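Fold and geometry: a report
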Amino acid sequence: MTHHPPSAPLTAALTAAERGWHVIPLRPHDKRPALHGETVCPGIGDCAGGHRKWEDRATIDPDRIRRAWASLPFNVGIATGPSGLLVVDLDMPKRKSKSCSADTPSGVTTFRALCERAGQALPTTHTVRTASGGVHLYFTAPAGARLANTAGRLGKLIDTRAWGGYVVAAGSITPTGPYTPVNPAPPAPLPDWLHSLLTPRRPSRGLMAVPASSRASRYAAAALRAETATVRDAPQGERNAALLAGARALGRFIAWGDLPRDVVEEALWGAGEAAGLSSRRCRATVRDGLNWSIAHNPQRRTA
C-alpha cells in the first residue's frame, strides 16, 4: 500500500494544532471559512444539537483535521480566541481605496511609531508575512482576559484578532500570494501596554447614573441603551456613522435636561471603542454629533 505524504495545507493545519492553535478549513485559495452557514445547516454531526459556528468547531484534534483536509486542499484558519491568541494585523494600503492615499503609511510603519510614542521596543514574537505584504504578530492573550477584535483602535491599517476572529495561517495560499513564516518563535505574551490600549474604557458612571425619576428620563435612559448597543454592533465601515447618528439622536435629551452630557459622552465613547474605533475618533465624532443636536434642539422639555 502506497502512503502519500501529507499535503502542504494539511501539514500547516497539523503544525498549528501541535502548537495548541484551533484550526478551521478555509476555502481553497481563499480566506473565507469553508464551513456551512446557519441557513444551510444540515443539523447532523457537530451540529446535531444545534448549529455550531466556525469558532465553536475549530479544533486541535489531528484525526478531525486529517479527515477535513482529505478531500480538498483547504487553506488554514486559526481561531484566535479558542487558541488563546491575540494577533496584531499590520496591513498594507490598498490600491484605489478611498480611505488610503499614496502617502498613507503601512500598518508596520504606524505600529513602529506607536511603539516609539509609548517608549517601547518593537515586540519580538511569532510573525507571519501575509499575502498582501503585511504582517501578523502573534501574542498569547493574558490569562482570564477575553479581548475582542478591533479595527483601527491602535492606528490606521492596524487591526487585532482575538475572540470572534481568525487569521489565515502560514502555509495558506491565495491568488494574491502565500502566507509565510518570518519568525517561527513561540508567541510572546501580549505586552501590558498593548493590553491596556486594547481594553475598552468603560464609563465610570455607566448607565446606572442616568436618573429614572420621571417618564421622560426613563425614556431617555432606554434611548441611551439602544443607541450604544447599535454602535457596539455596527459592522466595519459603518461604525463611525453609527456613532455620529447615535450622538445626534441623544443630544436632544441633553438639551431637554433628561440626560447629563458627561454620561452620554462616556457611554458613547465606550461603545465606539468597543466597536473598534480609536479613542480620538470617538471623542471627535461624539462631540460633533452632540453639539449639532443640542444646537438644533434648544428647547427644554416641559414637565
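Below or above, wherever it landed, is the structure these notes cover.

Criteria and cut-off values
- Think of each chain on its own: its residues are numbered from 1, step by step along the sequence as written.
- In keeping with the predicted nature of the model, local features appear solely for residues at pLDDT of at least 70, side-chain atom pairs appear and are counted solely at 80 or more, and the whole-chain, interface and lining totals rest on all residues.
- Note that water and hydrogens are dropped before the side-chain values are worked out from all heavy atoms of the structure.
- One speaks of a salt bridge when a side-chain nitrogen belonging to Lys or Arg is within 4 Å of a carboxyl oxygen belonging to Asp or Glu.
- Secondary structure elements follow DSSP: runs of H or I of four or more residues count as helices, runs of E of two or more count as strands, with numbering from the N terminus.
- With a 1.4 Å probe rolled over the protein chains alone, any residue whose accessible area is under 20% of its type maximum counts as buried; one over 50% counts as exposed, and the rest are partly exposed.
- The pairing criterion is simple: DSSP has to find at least two bridges between the two strands.
- A fitted line through C-alpha atoms represents every axis, and for helices the fit uses only the stretch in contact; the resulting angles, taken between N-to-C directions, go from 0 to 180 degrees.
- Given a helix with a known number of residues, its expected span is that number minus one, times 1.5 Å.
- Each angle is binned into one of four classes, with values under 35 degrees roughly parallel, values over 145 roughly antiparallel, values of 65 to 115 roughly perpendicular, and all other values oblique.
- Note: crossing handedness is left-handed where the near helix turns anticlockwise from the far helix by less than a right angle, and right-handed where it turns clockwise.
- Only heavy atoms enter the contact rule, under which two residues are in contact if any of them lie within 4.5 Å.
- Here the term charged refers only to Asp, Glu, Lys and Arg, the term nonpolar to Ala, Val, Leu, Ile, Met, Phe, Trp, Tyr, Cys and Pro, and the term polar to all other amino acids, Gly among them.
- Put simply, two rings from Phe, Tyr or Trp (the six-membered ring, in Trp's case) pair if the centres are within 6.5 Å, and we call them stacked under 30 degrees between planes, edge-to-face over 60, tilted for the rest.

The final tally for this structure, using the stated rule, is seven salt bridges. For Asp 46, the salt bridge goes to Arg 64, with nearest N and O atoms at 2.6 Å. Of this pair, Asp 46 sits in the loop between strand S1 (23–26) and helix H2 (54–57) while Arg 64 sits in helix H3 (residues 62–68), placing them 18 residues apart in sequence. Residue class for Arg 64 comes out partly exposed when judged on its relative accessible area of 27%. Its salt-bridge partner being Arg 261, residue Glu 265 comes within 2.9 Å of it at the nearest N-O pair. In this pair, Glu 265 and Arg 261 both sit in helix H8 (residues 261–275), four residues apart, roughly one turn of the helix.

Time to look at the sheet that holds strand S2 (residues 75–79). The strand order across the open sheet built from three strands is S1-S2-S8, with neighbouring strands paired in antiparallel fashion. Since the sheet does not close on itself, it has two edges, and those belong to S1 and strand S8 (166–168), each with one partner. For this sheet, the mean inter-axis angle between neighbouring strands, taken without regard to orientation, is 35°.

With 15 residues, H8 should cover 21 Å at 1.5 Å per step; its first-to-last C-alpha distance of 21 Å lies within 8% of that length. In terms of burial, H8 is largely enclosed, as twelve of its 15 residues are buried. Positive phi appears at Gly 276, one or two residues downstream of H8, with a value of about 115°.

Turning our attention to the pairing of strand S3 (residues 85–90). By the criterion of burial, S3 is predominantly enclosed, with six of the six residues buried. Of the two faces of S3, the one carrying Leu 85, Val 87 and Asp 89 and the one carrying Leu 86, Val 88 and Leu 90 are both buried. Strand direction decides the pairing type here: S3 and strand S7 (residues 158–161), joined by four bridges, are antiparallel. Within S7, the position partnered with Asp 89 by the bridge is Asp 159.

A separate point is unusual backbone geometry. With a phi close to 60°, His 29 is a non-glycine residue in the positive phi region. Among the structural elements, His 29 can be located in the loop between S1 and H2. Phi is positive for Leu 157, close to 65°, though the residue is something other than glycine. Within the secondary structure, Leu 157 is located in the loop between strand S6 (150–151) and S7.

Quick look at the packing of H8 against helix H9 (residues 279–296) now. Viewed as axis vectors pointing N to C, H8 and H9 meet at an angle of 140°, and their least axial separation amounts to 9 Å. When the axis of H8 is compared with that of H9, the two are oblique. Handedness of the H8/H9 crossing: right-handed. Together, Arg 261, Val 264, Glu 265, Leu 268, Trp 269, Gly 272 and Glu 273 of H8 and Ser 279, Cys 282, Arg 283, Val 286, Arg 287, Leu 290, Asn 291 and Ile 294 of H9 make up the contact between the two elements.

Inspection of the secondary structure puts Thr 125 in the loop between helix H4 (107–117) and strand S4 (126–129). Taking the relative accessible area as the measure of exposure, Thr 125 reaches 1% and is therefore buried. Apart from residues lying up to four places away in sequence, Thr 125 is in contact with Leu 137, Tyr 138, Phe 139, Asn 183, Pro 186, Pro 187 and Ala 188.

Attention now goes to helix H1 (residues 8–18). What H1 keeps buried is the set Pro 9, Leu 10, Ala 12, Ala 13, Leu 14, Ala 16 and Ala 17. Packing partners of the buried residues in H1 comprise S1, H3 and S2. Once H1 ends, the next one or two residues include Gly 20, with phi positive near 90°.

What follows deals with the packing of helix H7 (residues 239–255) against H9. Helix-helix packing is characterised by the crossing angle of the two axes and by the distance between the axes. Packing of H7 against H9 leaves a shortest axis separation of 7 Å and a crossing angle of 40°. When the axes of H7 and H9 are compared, the pair comes out oblique. For the element pair H7 and H9, the recorded crossing hand is right-handed. Listed contacts from H9 to Asn 240, Leu 243, Leu 244, Ala 247, Arg 248, Leu 250, Gly 251, Arg 252, Ile 254 and Ala 255 of H7 are Arg 281, Cys 282, Thr 285, Val 286, Gly 289, Leu 290, Trp 292, Ser 293 and Ile 294. Across the contact of H7 with H9, the residue classes tally to eleven nonpolar, five polar and three charged.

Taken as a whole, this structure holds five aromatic pairs when the rule is applied. With centroids separated by 6.3 Å and ring planes inclined at 90°, the aromatic side chains of Trp 69 and Phe 74 adopt a geometry described as edge-to-face. By relative accessible area, Trp 69 is classed as buried at 5%. Among the residues examined, Phe 74 registers a relative accessible area of 13% and is labelled buried.

Remember that the coordinates give geometry; whether it matters functionally is a separate question.
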